[in-house]
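So you can see what is in the structure, the chains are spelled out below.
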Amino acid sequence: VFHRLLPLPYHSSAPTSNRRACFILFCDQLTLISFNIDDDTNMSQKAANDAQASKFMREGNKWMSTTMFRWNPDYYQAANAYTEAARLYKKNQDLSNYAAAQTAVGTASYKQGRLLKGAQELDTAAMTIVNLDGDAKLAGSLYEKSAEWYLEKTSIDRAGRTLVKAAKCVQKTDTKEAARFALKAMKVYPIPNKGRRVQNMDTYNTVLGLLIRTKNFQEADECIVIQLKHLNVDPNEYNRYIYKAWSARAVLALSDSNFDRCAKIIGQTFEQVTAYGETPWGKCMRKLVNALAHAKTDTFNAIMKGPEFKALDNQVARLARKIELDSKSYEQKGVSKVQYEALNDKITEICGALEVDEEGRVVAQKGSSQQQIKSEDLDLTGGVEGLDLT
């Protein structure tokens, strides 16, 4: 049979080169035939899987409904049918139908009162879609729904972490949607008036870093404002976490070239935060305001690269190092000398006169009406676990 399938020139009397060429051609033809057979087999298998999955989906829908003789839905049987459908859709890599089937599984569990189980099913579906490089928007919506069910079950930290995953999966395709998910993750943590609060530092650090990387500076500022509400303590017990958070807000406004907003934030900081003017960050901000009030761009650039801003760590510190001004950009970015001169006078009224030497170093601060804090009491370089802005 083998010899009959070979082309005619393949005979013992033919030259060796002709026989070799004919044999190679024959092998190529057999390979093409096998590939075609495999493709046909795969297509038929996918069609069979799709038909079987559709059958399971119809069966699940039947169990979710009622009949004359079945007055209540059978959520258990429905979940089993939907699970089989999801398995087959996943095997075919039909991710949209897989998401629909997996959502149906979660809904059936939710109807049974198993909220955590239902949320986990949606979480699993979203993770599978992300791993298979599917639709990021679809995965984000599944994560969001999963977080809602976690929150309904009062699993607050789990809801926050799930929303962070939603933000991460869409950050490359839709930065505004990523910012929405990130801020929603911060808002799921309740802000107690008294007593022990829910720890959210991991979520906060991740969210703030994500918002800064995607250049959503206003949303990053809102994130810090939310965290300040969580860190709200007695004014006499303010610590470096509070001081650094307010300083980070000013850096975010400068990074967004919003000098008007920066001035308002600095003014609020000196008014509302007890003894801020006595801290290294407060003194640094005073020099910064003075430099902007007198259009000293070289002094401003040196301040932004100083140790106080380096202590803000990672993302915010990197932003501070990139902020620069010259005489031309000072005018183009709309820096208001009048506004910063008024702010400088206001801060002097609150904190007293700030004396600096010729190199811009703080020598003394006189006439302050605020509580005195020694600079050595504040760690400018140590790891701050309360406000690690990574």
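Residues numbered from 1 in each chain as written. Predicted model: local features only at pLDDT ≥ 70, side-chain atom pairs only at ≥ 80, totals over all residues. Heavy atoms only, no water.

### Here we look at the environment of Gly118
We count it as follows: By the criteria applied, helices consist of DSSP H or I runs no shorter than four residues and strands consist of E runs no shorter than two, each listed in order from the N terminus. Using a 1.4 Å probe on the protein chains alone, a residue whose accessible area is under 20% of its type maximum counts as buried, one over 50% counts as exposed, and one in between counts as partly exposed. Whether two residues are in contact is decided by their heavy atoms: any pair within 4.5 Å suffices.
For Gly118, the position within the fold is in helix α5 (residues 115-131). You can call Gly118 buried: its relative accessible area is 0%. Put simply, Gly118 and Ala108 are 10 residues apart on the chain and 7.5 Å apart in space, counted from C-alpha to C-alpha. Apart from the residues lying within four places of it in its own chain, the contact partners of Gly118 are Gly106, Ser109 and Trp149.

### Here we look at unusual backbone geometry
Phi angles above zero are rare outside glycine, and Thr154 is one such case at about 60°. Among the structural elements, Thr154 can be located in the loop between α6 (136-152) and α7 (156-170). Given the relative accessible area of 63%, Thr154 is considered exposed. In the Ramachandran plot, Ala295 falls in the positive-phi region, its phi being about 55° despite a non-glycine side chain. Of note, Ala295 is situated in the loop between α13 (280-293) and α14 (297-304). On the basis of relative accessibility, which here comes to 32%, the residue Ala295 falls in the partly exposed class.

### A short note on the nonpolar core
Rules: For the purposes of this section, nonpolar cores are sets of buried Ala, Val, Leu, Ile, Met, Phe, Trp, Tyr and Cys residues that join through side-chain atoms within 4.5 Å.
Formed by 102 residues in total, the largest nonpolar core has its most connected members in Ile266, Leu288, Leu292, Phe300, Phe309 and Tyr340. Here Leu288 is in contact with Leu254, Ile266, Phe300, Ile303, Met304 and Phe309, once residues within four sequence places are set aside.

### Structural notes on the side chain of Arg249
Relative to the elements of secondary structure, Arg249 occurs in helix α11 (residues 240-255). Apart from residues lying up to four places away in sequence, Arg249 is in contact with Asp221, Ile224, Val225, Leu228, Arg261, Ile265 and Gln268.

### Describing the pattern of salt bridges
Cut-off, in case you're wondering: By definition here, a salt bridge exists when the distance from a side-chain nitrogen of Lys or Arg to a carboxyl oxygen of Asp or Glu is within 4 Å.
Applying the stated criterion to the full structure yields 16 salt bridges. Across the pair Asp123 and Lys165 runs a salt bridge whose closest N-O atoms are separated by 3.1 Å. One end of the pair, Asp123, is in helix α5; the other, Lys165, is in helix α7, with 42 residues separating them in the sequence. A relative accessible area of 9% means that Asp123 is categorised as buried. Judged by relative accessible area, which is 30%, Lys165 ranks as partly exposed. It is possible to trace a salt-bridge network through shared partners that takes in Glu144, Lys145, Glu148, Glu177, Arg180 and Lys184.

### Details of helix α10 (residues 217-230)
Which entries qualify depends on this criterion: Under the convention used throughout, the expected extent of a helix is 1.5 Å for every residue step, that is, one less than its residue count.
For α10, built from 14 residues, the straight-helix expectation of 20 Å at 1.5 Å per residue is met to within 8% by its first-to-last C-alpha distance of 20 Å. Turning to α10, its buried residues are Phe217, Glu219, Ala220, Asp221, Cys223, Ile224, Ile226, Gln227, Leu228 and His230. If you follow the buried residues of α10, they end up packed against α8 (175-187), α9 (201-213), α11, α12 (259-272) and α16 (314-322).

### Section: the packing of aromatic side chains
Spelled out, the test is: By convention, a stacked pair of Phe, Tyr or Trp rings (six-membered ring in the case of Trp) has centres within 6.5 Å and planes under 30 degrees apart, an edge-to-face pair has planes over 60 apart, and any other such pair is tilted. Either the NZ atom of lysine or the CZ atom of arginine qualifies as a charge over a ring when it sits within 6 Å of the ring centre and within 35 degrees of the ring normal.
Following the criterion strictly, the structure yields three aromatic pairs and no others. Aromatic pair Tyr243 and Tyr276: ring centres 6.2 Å apart, planes at 50°, arrangement tilted. In this pair, Tyr243 is assigned in helix α11 and Tyr276 in the loop between α12 and α13, connecting sequence segments 33 residues apart. Take Tyr243 and Tyr276: they sit in the same class, and that class is buried. The interplanar angle of 80° and the centroid separation of 5.1 Å between the aromatic rings of Phe270 and Tyr276 together place this pair among those described as edge-to-face. Take Tyr276: its relative accessible area is 1%, and that puts it in the buried class. Here a set of aromatic residues connected by ring pairs shows up, and it is made of Tyr243, Phe270 and Tyr276. Here the basic side chain of Lys62 rests over the ring of Trp63, its NZ or CZ set 5.0 Å away from the ring centre.

### Description of the confidence of the model for the protein chain
Put simply, the rule reads: Summary of the metric used: pLDDT quantifies the predictor's per-residue confidence within the range 0 to 100.
In this model, the protein chain carries an average pLDDT of 80, and 76% of its residues clear a pLDDT of 70 or more. Contacts from residues 34-38, a stretch scored under 50 in pLDDT, to residues over four places away or in other chains number zero contacts.

### Section: the environment of Met64
If you trace the backbone, Met64 turns up in helix α2 (residues 16-64). A sequence separation of 10 residues divides Met64 from Asp74, and the C-alpha atoms of the two residues are 6.1 Å apart. Residue contacts for Met64: discarding those within four places in its chain leaves Pro73, Tyr75, Ala78, Tyr82, Ala108 and Lys111.

### Quick look at helix α4 (residues 95-111)
Given a rise of 1.5 Å per residue, 17 residues ought to cover 24 Å, and the 24 Å separating the end C-alpha atoms of α4 matches this to within 8%. Where α4 is concerned, the buried positions are Leu95, Tyr98, Ala99, Ala101, Gln102, Ala104, Val105, Gly106, Ala108 and Ser109. Just downstream of α4 lies Gly113, where phi reads positive at about 90°.

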